[in-house]
Amino acid sequence: MVKEAKVPMPKSRFLKVKCPKCKNEQVVFGCATTTVECKECGEKLSVPTGGKSNVIAKVLQVLS
Ligand SMILES: [Zn+2]
């Protein structure tokens, strides 16, 4: 279980993340209930874990 994100994960927030694989920047929903994949390379950026998202990608910014 890798836990890198130090940014708190509030509900109903959009997160700007960077794909660890292809460096693509993408905005994902902070409490998505489905797996979010990078639109460029298909790498998993965020997976749902019991109601909130476990963001795998590097979080650049939390958008309110
Ligand atoms: Zn990617």
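In what follows, the structure referred to is the one given above.
Source: prediction; values computed, not measured. (Residues numbered from 1 in each chain as written. Predicted model: local features only at pLDDT ≥ 70, side-chain atom pairs only at ≥ 80, totals over all residues. Heavy atoms only, no water.)

K.L.:
Help me understand the pairing of strand E5 (residues 52-55) in this model?
P.N.:
Regular strands place their side chains on alternate faces of the sheet. Sheet topology note: the strand E4 (residues 44-49)/E5 ladder contains 4 bridges and is antiparallel. By the bridge assignment, proline 48 is partnered in E5 with serine 53. (Pairing = 2+ DSSP bridges. Helix = DSSP H or I, 4+ residues; strand = E, 2+ residues; numbered from the N terminus.)

K.L.:
Any chance you could explain the side chain of glutamine 26 here in plain terms?
P.N.:
For glutamine 26, the location among the structural elements is in strand E2 (residues 25-29). Engagement of the side chain of glutamine 26 in a polar contact is seen with the backbone nitrogen of lysine 39, the distance being 3.0 Å. With residues near it in sequence (within four places) discarded, glutamine 26 still touches Leu15, Lys16, Val17, Val36, Glu37, Cys38, Lys39 and Leu45. (Polar contact = N/O pair within 3.5 Å; in protein donor to acceptor, adjacent residues only side chain to side chain. Contact = heavy atoms within 4.5 Å.)

K.L.:
Help me understand the coordination of the zinc ion, please; the structure alone is not making it clear to me.
P.N.:
Ideal geometry at a metal centre gives angles of 109.5 degrees when four donors are arranged tetrahedrally and 90 or 180 degrees when six donors are arranged octahedrally. Within the protein, Cys19 (SG), Cys22 (SG), Cys38 (SG) and Cys41 (SG) serve as the donor atoms for the zinc ion, at 2.3 Å. Around the zinc ion sit 4 donor atoms; with metal-centred angles ranging over 104 to 113 degrees, the donor geometry is tetrahedral. All donors of the zinc ion come from a single chain, and their spacing in sequence reads C-x2-C-x15-C-x2-C. Of the two residues, cysteine 19 sits in the loop between strand E1 (14-18) and E2 while cysteine 41 sits in the loop between strand E3 (36-37) and E4, which places them 22 residues apart along the sequence. Cysteine 19 gets classed as buried once you look at its relative accessible area, which sits at 1%. (Donors = N, O, S within 2.8 Å, 3.2 Å for Na, K, Ca; no water. Tetrahedral: all angles 85-135°; square planar, octahedral: opposite > 155°, others 65-115°. Buried < 20%, exposed > 50% of the residue type's maximum accessible area, 1.4 Å probe, protein only.)

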